[in-house]
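# Results of the structural survey
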Amino acid sequence: MTRCYNFCAGPASLPESVLETARDEMLDWHGKGLSLMEMSHRSPEVVGVAERAEQTLRDLLGMSDDYAVLFLQGGASTQFSAVPLNLLGDKGRADYVNTGQWSKKAIAEAKRYCDVNVAASSEDTNFSTIPPQDSWQLGADAAYLHYTPNETIGGVEYFWTPRVQVPLVADMSSTILSRPLQVDDFGVIYAGAQKNIGPAGLTLVIVRRDLLGRADAKCPAMLNWQTAADNDSMYNTPPTYALYLSGLVFDWLQRGGGLEAMGATNRRKAQKLYGAIDDSAFYANPVELASRSLMNVPFTLADAALDKLFLQESEAAGLLNLKGHRSVGGMRASIYNAVSEAAVDALIAFMQDFEQRNG
Ligand SMILES: *Cc1c(COP(=O)(O)O)cnc(C)c1O
């Protein structure tokens, strides 16, 4: 069996040891004579798996009990609606920062429910920058401020945390667990699992408990965080298998030394790759230096006519899913937690060889 290096933006690479454990436990979970997938979500086994996953996540993030952890479905995209439905209360306005395609989608959805004040936008730089906070125009009487700490498509990441008076809401789909995080700075953090947490189908929401109980009367029960919290994320059938796999990923992170260690590895991986891009006249990355994502590295070739050949040859070399997002073009290497340093080294070696032959 040969496993390729997978640079997919999502669903993304999973740690090999996690897949091996899942394989070994597939037919008979811990001697119970059936797969975890086949067990009731009310069984002590599945409840135990969910509790353990939550506890390991809390330990990894150093999260206090002031926060509820919710394991939901519907992806980060469903939270684009759940955020205003749960947080507006009696206010009619929210602040949003627009730094790329995911911010835009969150804004478009919020507009169904409230007056959206776009406090800042980097659209004028084609989303290659992050507007400094002193340029933000915060709205009066906003219920919360929403931003996207890592724009997965543009490859733009915040290395600072906005300071605002209202609850801070962050779509961390493509950055959570990539480095240490101060949960206390946030009102709500949410993330689709399929980048850095586990397989698709699970959505993580971390919400400060004092923000629960404000949901609009028309908020569907399935989107109501209070309902989820009251029912330990088992108001209906949760995605049990995705939860189990995510728990294995949390264990893997903890065995590897937690988020400090992961962050150091991720910085090294990204520095190498950006270094290789910057050292060459053939490859380029458009993002301002201070905001280059550790997780998603878009890059272009000097001649776009070579894109197709680059993709064909990289795939043949076992380097998969390097095609850039259709809205940006070029290439994108997503180098999430489970993408090893060896994978990044192999990519850089391929890029240098390709440049030699075609540059
Ligand atoms: C992938 C992604 C989403 C969409 O996630 P779904 O789970 O597919 O809804 C939203 N925001 C960001 C930042 C993402 O990377």
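Residues numbered from 1 in each chain as written. Predicted model: local features only at pLDDT ≥ 70, side-chain atom pairs only at ≥ 80, totals over all residues. Heavy atoms only, no water.

### Regarding the domain arrangement of the protein chain
Its domain assignment divides the protein chain into domain 1 (5-15 + 258-358) and domain 2 (17-255). Each of domain 1 and domain 2 was reduced to a C-alpha centroid, and the two centroids are 26 Å apart. With 31 residues of domain 1 at the contact, the number on the domain 2 side is 33 residues. Overall, the association of domain 1 and domain 2 removes approximately 2600 Å² of surface from exposure, summing both partners, and the carbon and sulfur fraction of that is 62%. It is Leu14, Pro15 and Leu259 that lose the most area in domain 1 upon contact with domain 2, and together they represent 28% of the buried surface on that side. Here domain 1 is connected to domain 2 by zero salt bridges. Counting across the domain 1 and domain 2 interface gives 16 residue pairs in polar contact (both at pLDDT 80 or more). Breaking the side of domain 1 that touches domain 2 down by element, the ones donating at least two residues are helix 7 (258-278) and strand 12 (296-301). (Domains from an automatic or database assignment. Contact = heavy atoms within 4.5 Å. Buried area = accessible area lost by both parts, 1.4 Å probe. Salt bridge = Lys/Arg side-chain N within 4 Å of Asp/Glu carboxyl O. Polar contact = N/O pair within 3.5 Å; in protein donor to acceptor, adjacent residues only side chain to side chain. Helix = DSSP H or I, 4+ residues; strand = E, 2+ residues; numbered from the N terminus.)

### Some details on the site of the ligand
Surveying the vicinity of the ligand reveals 13 residues, the closest of which are Ser77, Thr152, Asp171, Gln194 and Lys195. Within the backbone of Ala76, one N or O atom sits 3.0 Å away from an oxygen atom of the ligand. In this structure, Thr152 approaches the ligand through a side-chain N or O atom, which is 2.4 Å from an oxygen atom. About the coverage of the ligand: the protein hides 87% of its 380 Å² of free accessible area. Per element, the largest residue contribution to the shell around the ligand is four residues, and it comes from helix 3 (residues 75-87). (Near = heavy atom within 4 Å. Areas by Shrake-Rupley, 256 points an atom, 1.4 Å probe, with all protein chains shown as cover.)

### A closer look at the pattern of salt bridges
According to the stated counting rule, one finds 19 salt bridges in the structure shown. For the salt bridge of Arg209 with Asp65, the shortest nitrogen-to-oxygen distance reads 3.3 Å. Highlighted residues: Arg209 in the loop between strand 10 (203-208) and helix 5 (225-230) and Asp65 in the loop between helix 2 (44-61) and strand 2 (67-72), separated in sequence by 144 residues. The closest approach of N and O atoms between Arg357 and Glu313, which form a salt bridge, is 2.9 Å. Of the two residues, Arg357 sits in helix 9 (residues 341-358) while Glu313 sits in helix 8 (residues 307-316), which places them 44 residues apart along the sequence. Owing to a relative accessible area of 44%, Arg357 belongs among the partly exposed residues under this scheme. Salt bridges sharing partners connect three or more residues here, namely Arg268, Lys272, Glu341 and Asp345. (Buried < 20%, exposed > 50% of the residue type's maximum accessible area, 1.4 Å probe, protein only.)

### Description of empty space enclosed by the protein
Counted according to the given criterion, the structure contains one cavity of 30 Å³ or more. Reported here for the largest cavity is a volume of approximately 50 Å³. Surrounding the largest cavity, Ser13, Leu14, Pro15, Lys195, Asn196, Ile197, Gly198, Val249, Trp252, Asn337 and Ala338 form its lining. By residue class, the composition of the lining of the largest cavity is six nonpolar, four polar and one charged. Taken domain by domain, the lining of the largest cavity gets at least three of its residues from each of domain 1 (5-15 + 258-358) and domain 2 (17-255). (1 Å grid on protein atoms, 1.4 Å probe; cavity = no way out; pocket = protein on both sides within 12 Å on 5 of 7 lines; lining within 4 Å. Points joined across faces, edges and corners; volume = space filled by probe spheres on them. Nonpolar A, V, L, I, M, F, W, Y, C, P; charged D, E, K, R; others polar.)

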